[in-house]
Amino acid sequence: MKKKLFIKTYGCQMNVYDSARMADVLAPIGYETTDTPDGADMVILNTCHIREKAAEKVYSELGRLKPMQEAKKSDGGRMLMAVAGCVAQAEGEEIMARAPMVDMVFGPQTYHRLPEMVARASRAAGVKVLDTDFPAEDKFDHLPEEHVAGDVTAFLTIQEGCDKFCTFCVVPYTRGAEASRPVAAIVQEARNLTAQGVREVTLLGQNVNAYHGLAADGSEWGPGRLVRELAEIDGLDRIRYTTSHPRDMDDDLIRAHGEVPQLMPFLHLPVQSGSDNILKAMNRKHTADEYRRLVDRLRDARPDLALSSDFIVGFP
């Protein structure tokens, strides 16, 4: 008999991708996703630490879920409760201390070990599992093929982590250092997705244009070269990527915007502030004028390019 799995996802597209992969990892041990936590056998809160009061939102959600967990127990069952993602990575031990109802806490680099965690937590009530390591092995080497259930669009992670250490950002501490997946693994995943009917992929990374993956011949590819390779896949009609850093927008990727028809004429490029003093305080290591010149180069390559950005107002 299938067990019901409910995953609530907070935050960025990377978390959406991670939640889908968690479901893929748990499917072989009998879990299928459901749209409601009521009556679920496992609930995972896949959290984001970027927004203010992120942790308090998690505790509030746990409070709402507690009666459902108790009702499940009264009926002779058990609802495993897990907190995943960046809040889990940053505040794992505190979550365990403040929320005894939680059975598992694990960070974004460890969800490939979910079946093992579930087995440990399921042995007996009161067994707690905390896994917030940055493992030596690549989690992507241990994930099953992604299933997209007839969707025409899909996310595809190519890079994780960040080395920039902007003063407002927790990502280097919750996702770790920049790491890029090998070219062959990305291309194979893209082929698997198109075989399932996907026609548009969004390449994901905390710093996606910092991608520097190894190819089969030992050379290192940047994001522009990767985009060109993916554009050769039959059936892959549209390619997007997010989120970029101005310091990593290299010449080859800019040229790709003008040369690769499958690369959509849209770019999300956060500037964060128009003040050089504030940018310096943010440790962004670019100026407002450098950002404007970069936009000019992008417009030269693709005049119809649409741009979006992020701005932090009232930076302290």
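Notes on the structure follow. Values in this document were obtained by computation on a predicted structure and should not be read as measured data.

### Here's the deal with the packing of aromatic side chains
- Enumeration according to the criterion identifies two aromatic pairs in this entry.
- Centroid distance phenylalanine 165 to tyrosine 173: 5.6 Å. Interplanar angle 75 degrees. Geometry classified as edge-to-face.
- Taking relative accessible area as the criterion, tyrosine 173 reaches 55% and is therefore assigned exposed.
- Where phenylalanine 168 meets phenylalanine 315, the ring centres are 6.5 Å apart and the plane angle is 85 degrees; that geometry is what we call edge-to-face. Linking phenylalanine 168 in the loop between strand 8 (159-160) and helix 5 (171-174) with phenylalanine 315 in the segment after strand 15 (306-308), this pair joins segments that are 147 residues apart in sequence.
- Its guanidinium or amino end placed over the ring of tyrosine 59, arginine 98 lies 3.7 Å from that ring's centre, counting from NZ or CZ.

### Describing the sheet that holds strand 7 (residues 153-157)
- Within the open sheet, the three strands sit side by side as 7-10-13. Their pairing is parallel. With one partner strand each, in any of the chains shown, strand 7 and strand 13 (238-242) form the two edges of the open sheet. Taking the axes of each pair of neighbouring strands and ignoring which way they run, one obtains an average angle of 25 degrees across the sheet.
- Two strands pair when backbone bridges link them, and strand 10 (residues 200-204) and strand 13 are joined in this way by five bridges, in the parallel orientation. Each bridged residue has a counterpart across the sheet, and for threonine 202 the counterpart in strand 13 is arginine 240.
- Of the strands in this sheet, strand 7, strand 10 and strand 13 touch helix 1 (residues 13-26), which is tilted by about 95 degrees from strand 7.
- This element, helix 6 (residues 183-195), spans strand 7 and strand 10 of the sheet and lies at about 165 degrees to strand 7.

### Some details on the pattern of salt bridges
- Taken as a whole and assessed by the stated rule, the structure comprises 24 salt bridges.
- Among the ionic pairs, arginine 21 bridges to glutamate 189, the shortest N-O distance being 3.9 Å. Here glutamate 189 lies in helix 6 and arginine 21 lies in helix 1, a separation of 168 residues in the sequence.
- Under the relative-accessibility criterion, glutamate 189 is labelled buried at 8%.

### Overview of the sheet that holds strand 6 (residues 129-131)
- On the basis of which strands lie adjacent, the open sheet formed by six strands has the order 2-1-3-4-5-6 and parallel pairing. Strands with a single pairing partner mark the edges of an open sheet, and in this sheet they are strand 2 (31-33) and strand 6. In this sheet, neighbouring strand axes are inclined to one another by 20 degrees on average, regardless of whether the strands run parallel or antiparallel.
- Relative to strand 2, strand 1 (residues 3-9) runs parallel, the two being bridged by three bridges. In the sheet register, leucine 5 faces strand 2, and the bridge partner there is threonine 33.

### Examining the packing of helix 8 (residues 251-259) against helix 10 (residues 288-301)
- Taken N-terminus to C-terminus, the directions of helix 8 and helix 10 make an angle of 40 degrees; their axes are 7 Å apart at the nearest point. The angle between helix 8 and helix 10 falls in the class oblique. Residues Asp251, Ile254, His257 and Gly258 of helix 8 form the contact with helix 10, whose participating residues are Leu294, Arg297, Leu298 and Ala301.
- Tallied by class, the residues present in the contact of helix 8 with helix 10 amount to four nonpolar, two polar and two charged.

Cut-off values and rules
Residues numbered from 1 in each chain as written. Predicted model: local features only at pLDDT ≥ 70, side-chain atom pairs only at ≥ 80, totals over all residues. Heavy atoms only, no water. Phe/Tyr/Trp six-rings, centres within 6.5 Å; stacked < 30°, edge-to-face > 60°. Buried < 20%, exposed > 50% of the residue type's maximum accessible area, 1.4 Å probe, protein only. Helix = DSSP H or I, 4+ residues; strand = E, 2+ residues; numbered from the N terminus. Lys NZ or Arg CZ within 6 Å of the ring centre and 35° of its normal. Pairing = 2+ DSSP bridges. Axes fitted to C-alpha atoms, helices over the stretch in contact; angles between N-to-C directions. Contact = heavy atoms within 4.5 Å. Salt bridge = Lys/Arg side-chain N within 4 Å of Asp/Glu carboxyl O. Parallel < 35°, antiparallel > 145°, perpendicular 65-115°, else oblique. Nonpolar A, V, L, I, M, F, W, Y, C, P; charged D, E, K, R; others polar.

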